Amino acid sequence: MYTDIFSVFLQVGLFTSAVVIYFIFFRKSTRNGCYGQAGWNYTLKLFVARLAVKRWKMKLPSTQLLDYPRPNQAEGYDSFNIKASAPDGSTIFLGICKLCGPKPIAEVQIFVKLADGTCYRLPESSETITCAWENVANSWSAGGLSIQVLEPQNRYRILFNGVLRRISDAAVRHVKFNAIWASATRAVKHPEDWSNELAAEFLAREPWGDGTWTEALVKCVSGVGRWSQFGVVQGRFIAHDEDGKIDQNEYLRVRGVKERSWALSRKGLKRSVTLAIATTDGTAVHLQGSLSHNNSTHAVDLFVKAEITGELKDAILSHLTMLREKAIEQKLGPDLRFAVRSSAVGEDSEALSAAGQNETVLGVTSDKDILRSILKCWASMFAFTSAYYRRQNGQPCYCGGAVVVQALVQARVAGVMFTRHPDAGDPTRILITANYGLGESVVSGSVEPDTVIIKRSADHKLAIASKQVGTKTQKIVSSVNGLETEQVLDNERNVSCLSESEMLKLAEIGIAQDDLWGAGRDIEWAISKSGIVYLLQARPITSLERWTEEELLHELDFPIMSDDELLTFANTGEVLPKPITALTYDMVLVPIERGVTGLIPNNGDGYDKSVVVTHNRTCLALYNTVYRRVPKEMDVNLRMVEISIHGHKVADDSILKTAFHRRQPKATDRLFSIISMVKNLIIAKKSMNDTLKRVPCMNIATLDNVHKMFNSIAEMEQEMSRYSLNHSITSAASSFTQFIAMSVLLEGKSDFSPEQCNEISTLLSSGDVLSAEVPQGLANLTQMLEDSGRNEEFRKQDPNTAMQWLKLNVPEVHEHVTTFLEQHGHRAIMEFDLSTKPWALVPEDLMKLLMQVVPNQESKETKTGEDIISSLKTPQKPNTRKALKWILPLCQRTVRYREATKAHLILAVHKLRLAAIHLGKLMVQNWYLPHYELVFYFRIHELKNYIDTRDPALLKKAMQRKQYYSNWSKLKFAEMNKGWVQPLSTEGPRIYSDGDKKLTGTSVCGGEVVARACVVRDLSEVDQLRQGDVLITHATDIGWSPYFPLLTGIVTELGGLISHGAVIAREYGLPCLVGVGEATDVFKTGDIVRLSGNEGLIEKVSIEVTADN
């Protein structure tokens, strides 16, 4: 009986267990479309899923944070996109998706909305265009959009130069957009940074019945990857009208998200919804849901006098025979002639044109002359102008070079075509210049050619927008004797040398070349007497991707994620009152920021910075420093911090409210703060001793190898971080003791008066001995000169030779000056910047100072600590003065610690400076740099890349930074800045036009400058040129090349958009006008002129200097 009952219960139990197991593990979840629904067993499944997610994440490989396109990906896609907006409605969406395959193509998405509501998108009917993928190193480039990686995961340069459609009226406009992205957070990886809870909830909704439910997570990430960062985009958006004039010009500042994603097959992402939000208070949200399914002259002479012999000669003559046969087949004329052209390695790149630097010989007939011309081409690579050009652009002295021999077309008409107008890179306008005969007259700028602009619509239809008939007084033709110059007949001068059908045919060929290369081309062409069009050579259009001044001004800007962000130039503006150079940012400022951040609690992702940069100036992010943790009510401690940094009170209710919103105060904040300060006080002396021991031993070897010298400098970054941390510790210890002293002095008061503040300053200034050594040393030197009786004689000396005069005439003073330079010669204004030249490097500056300082006969009374404490009026309690007598020596001791670490940190900076100077001079010797000071204007990673590759674009970027530095130094800023930082609008010098001296011309490079004019009618008068002049001359040729780096602008009476002067001006970014008739007669050397490449005019001006300038 019991057995039967047990059997029944057993059967019921087994049945029940089977049902339960079925419902829990095998019964499929109901679905609404593609999405599973939570069933009655959801809670149990969720518990199991949480464990499964944790196990799954532990086995995941780490996502590779690769900013560049993934190398060697043969299938699938690889994409980079940016989504950002601003409270005023400004929005941008930019994306490039590389579709991988044997011949990769790209999908490009662009949408821009301006603050006034104007929207621009791609002109095609769909929101995405498919175009050629441009394989450009370290960047994403396609369809006119380029995203360049400046610092991986940190900064990117965004360029767009192309055509967009304005949505409101469907008008197609040429648009240029130059911007910088700055990351504000660490990278969020997919799927490592997925929420475990959300992943478990997703998994718990998946069906378990087929036994593969745990594979659902794997399916989501198999073969795909993604990572993203929040940050800021700021840059200039310019839209042009149909005539090429600026229609809309707006500086955009938007916040949002940058995302990298890829899939190893085309079966990747099928559907996704993305929501990116950035609010005014800095809150940022990025939600994404996706559905996945399965000596030159001598060298030239040596070449020219040599002969080509042996196998090389035989090979050349053999190919010439074949070339003659092909030329006869193509009926190129009975009197066959050849063009022998040089093509040096590195020539005609996107960054470097080398226009006209090397030899081209036209009209050659015999084999003997061709061999001699080949030697001339090789020899020209060692001519002064060619070698100097390479030196100015960081290219090696010894370069390889090919020589191309072409059958010379008997041209009826020839010229140059830009597939994108060179003044702004406008792809909707094709520029053609032409003259009768060979194209040499057009390229050299010796005549005024015909100029034609072809308009290109969005649907690729062509129309002649304008025709300007040039004077065309002469033409160059090929004859029996080589090249000859002939006068053009009067009836041919006054008409275009090209028919309209030829203009359109050339434009069609230009578009085909543009599409083939995926970028604009500068093409030399010729049309034979029989009407056949020949392309002679094509090169990239240089300077289209040249960095703008605005981009370089903002490239290091701290990403302002909140409209109430608070930055101050107090304190940092005293130490670094001018812009910092690029190398200083990496080797000095970054280590200093690490040292400061090492003492301040932060979120640990490297983006929560304390010392930040805007407009290349250093400042403090107050909500990450002073107001990082604020008390519930304003107290005297916070006020004292403000006084020590700003010299006045700052925080109001609004600032405190924002600080509370960002970080809620915790009960343990004050405890941990006190513990941290006590710790710093305890280790301050140890930190000081560490710096004092290591800095004198910091020897950066002066090596003779550029690569090794660079490495020895780059390795110092960790050492600089160590010294910066030590200084931060001693500074914190000094501040802590001063806070104690101030608290005791105020006797518990919640605020202090100006009189009390003055007494606090008196109390804390005592014992600041080291900072007084420099002025005291200068005072001693001036007094010694005065006592020698030869001070007046010393003041009349040339500062450059004054040190030698002291050595010969007042040797004891000279000895003390030398000692002073050894001890303090590394100190200077902007002493933390590597480019600064302290007295040790320019002792003549110290001589000027000593000549100006008047000896002070009065001896300053030195007060003891007891005297200072006795003179205080604030203390009311009897024990206050006793406590101060104990605290004051501690304050003085920590001040000495602080000053010692600061002095040695500056000494370390000076040692880095000397090493960088040695590297710069070494790079000059090895033809990397035209001047050693340019080394300071490279970022450290740029310098490494440049040394490895000699990329001329990096050198030009450094040159631009140096060029713009003086203008950046003139910018002024408010002490406190809320939200986006803007320079103060100061009234500059008033410039008045002299109406009698104003000429107009054709602008070939934009920009504006006010400078001294130098009129040079012949190259023999070039000795009149000064650094910074505007050159006014008849025309320029290759012989002018060495002088272009001196100039701030160029004006020529002859020349066109593609003349030598125009090409080089665009390469150097100099405002330039051509075709300015009578300019050398109207202006004279010494005139102050305003040259405007934007307006196309030059005028004489007078300047009234204001109080601000």
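What you see is a predicted model, and the numbers here were worked out from it, not measured in a lab.

**Digging into the overall build of the protein chain**
Part 1 of the argument: What the protein chain contains, in helices and strands, is 31 helices and 39 strands.
Part 2 of the argument: By the burial criterion, 50% of the 1109 residues in the protein chain qualify as buried.
Part 3 of the argument: Carbon and sulfur atoms make up 54% of the accessible area of the protein chain, which amounts to about 52,000 Å² in all.

**Considering unusual backbone geometry**
Residues other than glycine predominantly adopt negative phi, and peptide bonds predominantly adopt the trans conformation.
Part 1 of the argument: Cis geometry marks the peptide bond from H190 to P191, where omega comes out at 10°.
Part 2 of the argument: One can find P191 in the loop between β12 (188–190) and α3 (196–204).
Part 3 of the argument: Look at W927: it is not a glycine, yet its phi comes out positive at around 65°.
Part 4 of the argument: With respect to the helices and strands, W927 occurs in the loop between α27 (878–925) and α28 (940–949).
Part 5 of the argument: Accessibility expressed as a relative area gives 16% for W927, which makes it buried.

**Comments concerning the nonpolar core**
Part 1 of the argument: Of all hydrophobic cores here, the largest spans 78 residues; its most connected members are Y627, L912, L919, M923 and L929.
Part 2 of the argument: In terms of residue count, the dominant contributor to this core is α27 (twelve residues).
Part 3 of the argument: Excluding residues that lie within four positions of it along the chain, Y627 makes contacts with L566, L622, L638, E642, V650, A651, I655 and A659.
Part 4 of the argument: Core analysis: the second largest hydrophobic core is formed by 38 residues, I92, Y120, V175 and L252 among them.

**A closer look at the sheet that holds strand β29 (residues 611–614)**
Part 1 of the argument: Pairing is antiparallel across the open sheet formed by four strands, whose spatial order is β29-β30-β28-β31. Both edges of this open sheet fall to β29 and β31 (976–978), since each of them pairs with a single strand only. Along the sheet, successive strands turn relative to each other by an average axial angle of 40°, direction set aside.
Part 2 of the argument: Both strand β28 (residues 566–568) and β31 contribute to a ladder of three bridges, which runs antiparallel. In the strand pairing of β31, L566 is matched with K978.

**Quick word on the pattern of salt bridges**
Part 1 of the argument: Applying the stated criterion across every chain yields a total of 53 salt bridges.
Part 2 of the argument: Of the charged contacts in the structure, one is a salt bridge between R341 and E524, with a shortest N-O distance of 3.8 Å. Of this pair, R341 sits in strand β17 (residues 338–344) while E524 is found in strand β26 (residues 521–528), placing the two residues 183 residues apart along the sequence. As far as burial versus exposure is concerned, R341 and E524 are alike and both buried.

**Remarks on a nonpolar patch on the surface**
Part 1 of the argument: A contiguous nonpolar surface patch, about 250 Å² in accessible area, is contributed by L275, I277 and L287.
Part 2 of the argument: Mapping I277 onto the fold places it in strand β15 (residues 269–278).

**Topic: the environment of L203**
Part 1 of the argument: As for its placement among the helices and strands, L203 is situated in helix α3.
Part 2 of the argument: Here the alpha-carbon distance between L203 and L46, two residues 157 residues apart in the chain, equals 7.6 Å.

**Concerning the packing of aromatic side chains**
Aromatic rings in a pair are described by how distant their centres are and how their planes are angled relative to each other.
Part 1 of the argument: Enumeration according to the criterion identifies 13 aromatic pairs in this entry.
Part 2 of the argument: With a centroid separation of 5.3 Å and 25° between ring planes, the pair formed by F938 and Y946 is classed as stacked.
Part 3 of the argument: Residue classification places F938 among the buried residues on the basis of a relative accessible area of 0%.
Part 4 of the argument: Note on Y946: relative accessible area 0%, which makes it buried.
Part 5 of the argument: Feature note: the residues F80, W133, W140 and Y156 constitute an aromatic cluster, connected by ring pairs.

**A closer look at the side chain of K83**
Part 1 of the argument: In this fold, K83 is placed in strand β3 (residues 77–85).
Part 2 of the argument: Looking at K83, its side chain comes within polar contact range of the side chain of N81, at 2.7 Å.
Part 3 of the argument: Dropping the residues within four chain positions of it, K83 is found in contact with I92, F93, G256, V257, E259, T274, A276 and H286.

**What about the pairing of β17?**
Part 1 of the argument: With six of seven residues buried, β17 is to be regarded as a mostly interior element.
Part 2 of the argument: The sheet contact formed by β17 and strand β18 (residues 360–364) spans three bridges and is antiparallel. Within β18, the residue paired with F338 across the bridge is V364.
Part 3 of the argument: Bridge count between β17 and strand β19 (residues 401–407): seven bridges; the pairing is antiparallel. Looking at β19, one finds that S343 is bridged to A402.

**Remarks on the pairing of strand β14 (residues 246–263)**
Part 1 of the argument: Taken across its 18 residues, β14 has 14 buried, putting it largely inside the fold.
Part 2 of the argument: Both β3 and β14 contribute to a ladder of nine bridges, which runs antiparallel. Looking across to β14, one finds that N81 is bridged to E259.
Part 3 of the argument: With 17 bridges connecting them, strand β13 (residues 224–240) and β14 associate as antiparallel partners. In the sheet register, F237 faces β14, and the bridge partner there is E250.
Part 4 of the argument: Where β13 folds back on β14, the antiparallel hairpin that results is connected by five residues, among which G244 adopts a positive phi of roughly 85°.

**Observations concerning the environment of T581**
Part 1 of the argument: By secondary structure assignment, the location of T581 is in the loop between α13 (572–575) and α14 (582–597).
Part 2 of the argument: Each C-alpha atom of the pair T581 and F936 lies 6.1 Å from the other, and the pair is 355 residues apart in sequence.
Part 3 of the argument: Other than its neighbours up to four places away in sequence, T581 contacts D833, S835, F936, Y937 and Y965.

**A short note on helix α23 (residues 802–809)**
Three- or four-residue spacings in an α-helix give side chains the same orientation, since the helix completes a turn every 3.6 residues.
Part 1 of the argument: When α23 is considered as a whole, its buried residues turn out to be A802, M803, W805 and L806. The arc enclosing the buried residues of α23, seen along the axis, measures out at 160°, which places them on a common side.
Part 2 of the argument: Considering only its buried residues, α23 is in contact with α21 (773–788), α22 (791–795), α24 (811–824) and α25 (843–852).

**Brief notes about the sheet that holds strand β20 (residues 411–418)**
Strands in a sheet are paired, the pairing made by backbone hydrogen bonds, and the direction either parallel or antiparallel.
Part 1 of the argument: Judged by pairing direction, the sheet is antiparallel, and its six strands sit side by side in the order β23-β22-β21-β20-β26-β27 without closing on themselves. The outermost strands of the open sheet, each flanked by one partner alone, are β23 (462–468) and β27 (533–540). Going from strand to strand, the sheet's axes swing by 20° on average, the running direction of each strand aside.
Part 2 of the argument: Note: strand β21 (residues 429–436) against strand β22 (residues 450–456), six bridges, orientation antiparallel. Bridge pairing in β22 links L431 to I453.

**Some points on the packing of helix α6 (residues 310–329) against helix α7 (residues 367–380)**
Part 1 of the argument: Where α6 meets α7, the closest approach of the two axes is 11 Å, and the angle between their N-to-C directions is 120°. You can see that α6 and α7 cross each other, and the crossing is right-handed. On α7, the residues touching L312, K313, I316, L317, L320 and R324 of α6 are D367, I370, L371, I374 and W378.
Part 2 of the argument: Per-class residue counts for the contact of α6 with α7 are eight nonpolar, no polar and three charged.

**Section: helix α15 (residues 636–646)**
Part 1 of the argument: The element α15 is largely enclosed, with a buried count of nine among its eleven residues.
Part 2 of the argument: Along α15, the positions that sit buried rather than exposed are V636, L638, R639, M640, V641, E642, I643, I645 and H646.
Part 3 of the argument: Among the residues trailing α15, G647 stands out with phi positive, at a value near 85°.

**Comments concerning the packing of helix α19 (residues 717–746) against α27**
Part 1 of the argument: Following both chains from N to C, one finds α19 and α27 inclined at 160°, their axes separated by 8 Å at the closest point. Taken together, the axis directions place α19 and α27 in an arrangement best described as roughly antiparallel. Of the two elements, α19 crosses α27, and the hand of that crossing is left-handed.
Part 2 of the argument: Taken together, the residues of the contact of α19 with α27 break down into 18 nonpolar, eleven polar and two charged.

**Some points on the confidence of the model for the protein chain**
Part 1 of the argument: Residue-level pLDDT values for the protein chain average 83, and 86% of them are 70 or greater.
Part 2 of the argument: Mean pLDDT across the elements of the protein chain bottoms out in strand β1 (residues 31–32) (46) and peaks in helix α18 (residues 706–714) (95).
Part 3 of the argument: In this model residues 28–35 is a low-confidence stretch, pLDDT under 50, and it forms 16 contacts with partners more than four residues away in sequence or in other chains.

Basis of the calculations
- Note that residues are indexed from 1 along each chain, following the sequence as it is written.
- A pLDDT threshold of at least 70 governs which residues receive local features in this predicted model, and a stricter bar of 80 or more applies before side-chain atom pairs are shown or counted, although totals over entire chains, interfaces and linings include all residues.
- To get the side-chain values, take all heavy atoms of the structure and skip hydrogens and water.
- Put simply, DSSP H or I for four residues or longer makes a helix, DSSP E for two residues or longer makes a strand, and each gets a number counted from the N terminus.
- Each residue is assigned to one of three classes by its accessible area relative to the maximum for its type, calculated with a 1.4 Å probe on protein chains only: buried under 20%, partly exposed between the two thresholds, exposed over 50%.
- All accessibility values rest on the Shrake-Rupley procedure with a 1.4 Å probe; residue burial counts only the protein chains present in the view.
- Within this scheme, the nonpolar core is defined by two criteria: the residues are buried Ala, Val, Leu, Ile, Met, Phe, Trp, Tyr or Cys, and they are joined through side-chain atoms within 4.5 Å.
- Note on contacts: a residue pair is in contact if any heavy atoms of the two residues lie within 4.5 Å.
- Two strands make a pair as long as DSSP finds a minimum of two bridges between them.
- Angles here are taken between N-to-C directions and fall from 0 to 180 degrees, while the axes themselves are lines fitted to C-alpha atoms, restricted in helices to the stretch in contact.
- Salt bridges are counted wherever a side-chain nitrogen of Lys or Arg sits within 4 Å of a carboxyl oxygen of Asp or Glu.
- Each patch is built from salt-bridge-free residues with over 30% relative accessible area, joining like charges within 9 Å and nonpolar side chains (Val, Leu, Ile, Met, Phe, Trp, Tyr) within 5 Å.
- Stacked, tilted and edge-to-face are the three classes applied to pairs of Phe, Tyr and Trp rings, where Trp contributes its six-membered ring and a pair requires centres within 6.5 Å; stacked means planes under 30 degrees apart, edge-to-face means over 60, and tilted covers the rest.
- Nitrogen and oxygen atoms within 3.5 Å of one another constitute a polar contact, given that in protein one can donate a hydrogen and the other can accept it, and given that sequence-neighbouring residues count only through two side-chain atoms.
- Arc, as used here, means the arc of the directions from the helix axis to the C-beta atoms.
- Each crossing is labelled by how the near helix is turned from the far one, with a counterclockwise turn of less than a right angle marking it left-handed and a clockwise turn marking it right-handed.
- All amino acids are sorted into three groups, where Ala, Val, Leu, Ile, Met, Phe, Trp, Tyr, Cys and Pro are nonpolar, Asp, Glu, Lys and Arg are charged, and the leftover types, Gly among them, are polar.
- The labels follow the angle: roughly parallel below 35 degrees, roughly antiparallel above 145, roughly perpendicular from 65 to 115, and oblique for the rest.
- Per-residue confidence from the predictor is reported as pLDDT, a score between 0 and 100.

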